[in-house]
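Structural description and commentary
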Amino acid sequence: MDELIARITANVGTDPETARKAVGLILAFLQKEAPADKVDLLIAGVPGSEEAIAEAKGSGGLLSGLMPGVMGLGSKLMGIGLGMGEISGISKETIAFAREKAGSGPVDEVVNSIPGLSQFV
């Protein structure tokens, strides 16, 4: 996970704490919205995913009241102070990293299983 956070910090410009929160929210969203058999392969392939998801779920209700779908995720990411450019950059870096670690097959299946997600990653 530290490798992904360092990439996001370098390429997107967000601070490490915000990047870590954002990645946790994105992974928690994928875990909630994608079919379990597909997302489990992605999560297992990305080091630190379970911890990031647990942090997102336990961080002051960041996931409570989450609107359904991609727009709900965007709302939560904006709620931690990110703009649209940062959200796009973090999302793309996270998915690219997941493809490197878990393989394109499982990651693409997850992305394609969530309506509207592919246009952001």
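If you're wondering where the values come from, they're calculated on a predicted model, not measured in any experiment. Counting restarts for each chain, with residues numbered from 1 along the sequence as it is written. Given that this is a predicted model, residues contribute local features only at a pLDDT of at least 70 and side-chain atom pairs are listed and counted only at 80 or more, while totals for whole chains, interfaces and linings are drawn from all residues. As a convention, hydrogens and water are excluded, and side-chain values are obtained from all of the structure's heavy atoms.

Describing the overall build of the protein
- A tally of helices and strands in the protein yields 7 helices and 0 strands.
- Counting from the N terminus, the helices are the DSSP runs of H or I reaching at least four residues and the strands are the DSSP runs of E reaching at least two. Of the regular secondary structure in the protein, the N- to C-terminal order runs α-α-α-α-α-α-α.
- Only the C-alpha atoms count toward the radius of gyration. The rule for a globule is 2.2 Å times the residue count to the power 0.38. A compact globule built from 121 residues would reach a C-alpha radius of gyration of about 14 Å, and the protein, at 13 Å, matches this within 12%.
- Dimensions along the principal axes, computed over C-alpha positions, put the protein at roughly 30 × 30 × 25 Å.
- Contacts are residue-level and defined by heavy atoms, with any inter-residue pair within 4.5 Å sufficient. Of the contacts formed within the protein by residues at least 6 apart in sequence, a portion of 67% connects residues at least 24 apart.
- All accessible-area figures derive from a Shrake-Rupley calculation using a 1.4 Å probe, and residue coverage is judged against the displayed protein chains alone. Looking at the protein as shown, the accessible area adds up to about 5700 Å², and 55% of this sits on carbon and sulfur atoms.
- Taken together, the 10 basic and 15 acidic charged side chains of the protein have centroids lying 4 Å from each other. By the counting scheme adopted, Arg and Lys are positive, Glu and Asp are negative, and His together with the chain ends is not counted. Where a charge sits is defined by one atom per residue type, namely NZ (Lys), CZ (Arg), CG (Asp) or CD (Glu).

Points about the nonpolar core
- Only buried residues count toward a nonpolar core. Its members are Ala, Val, Leu, Ile, Met, Phe, Trp, Tyr and Cys residues joined through side-chain atoms within 4.5 Å. Residue exposure (1.4 Å probe, protein chains only): buried if accessible area is under 20% of the type maximum, exposed if over 50%, otherwise partly exposed. With 37 residues, the main nonpolar core has Met1, Val23, Leu27, Leu30, Leu42 and Leu77 as its most contacted residues.
- Only α1 (2-11), α2 (16-33), α3 (36-45), α4 (49-57), α5 (69-79), α6 (84-102) and α7 (104-113) provide two or more residues apiece to this core.
- The leading source of residues in this core is α2, at 9 residues.
- Not counting the four nearest positions on each side in its chain, Met1 is found in contact with Arg20, Val23, Leu27, Val46, Pro47, Gly48, Ser49 and Ala52.

Looking at the environment of Val12
- By secondary structure assignment, the location of Val12 is in the loop between α1 and α2.
- Each C-alpha atom of the pair Val12 and Ala56 lies 20 Å from the other, and the pair is 44 residues apart in sequence.
- In this structure Val12 touches Arg7, Glu86, Gly89, Ile90 and Glu93, once residues within four positions along its chain are discounted.

Describing the packing of α6 against α7
- To define axes, lines are fitted to C-alpha atoms, for helices over the stretch in contact only, and angles between the resulting N-to-C directions are given on a 0 to 180 degree scale. Relative to each other, α6 and α7 sit at 140 degrees, their axes nearing to 7 Å. With respect to their mutual orientation, α6 and α7 come out oblique. Residue-level contacts link Ile95, Ala98, Arg99 and Ala102 of α6 to Ser104, Pro106, Val107, Asp108 and Val111 of α7.
- Across the contact of α6 with α7, the residue classes break down as 6 nonpolar, 1 polar and 2 charged. Geometric relationships in this document are graded by angle, where less than 35 degrees denotes roughly parallel, more than 145 denotes roughly antiparallel, 65 to 115 denotes roughly perpendicular, and other angles denote oblique. Polarity classes work like this: nonpolar for Ala, Val, Leu, Ile, Met, Phe, Trp, Tyr, Cys and Pro, charged for Asp, Glu, Lys and Arg, and polar for all others, with Gly in that last group.

Digging into the confidence of the model for the protein
- One confidence number per residue, pLDDT, is output by the predictor and ranges from 0 to 100. The predicted model of the protein has a mean per-residue pLDDT of 89, with 92% of residues at 70 or higher.
- Per-residue pLDDT, averaged within each element of the protein, yields its smallest value for α5 (86) and its largest for α1 (97).

Observations regarding the packing of α3 against α6
- Contact geometry for α3 and α6: axes closest at 8 Å, N-to-C directions at 85 degrees. On the basis of their axis angle, the class for α3 and α6 is roughly perpendicular. Across the interface between the two elements, Leu41, Leu42 and Gly45 of α3 pack against Ala98, Lys101 and Ala102 of α6.
- Taken together, the residues that form the contact of α3 with α6 break down as 4 nonpolar, 1 polar and 1 charged.

A few points about the pattern of salt bridges
- What makes a salt bridge here is a side-chain nitrogen of Lys or Arg within 4 Å of a carboxyl oxygen of Asp or Glu, nothing more. For the structure shown, the criterion picks out 8 salt bridges.
- Between Asp2 and Arg20 there is a salt bridge, with the nearest N and O atoms lying 2.9 Å from each other. On the criterion of sequence distance, the pair formed by Asp2 in helix α1 and Arg20 in helix α2 is long-range, its members being 18 residues apart.
- The exposure class of Arg20 is partly exposed, given its relative accessible area of 26%.
- Glu17 is paired through a salt bridge with Lys21; the nearest N and O atoms lie 3.5 Å apart.

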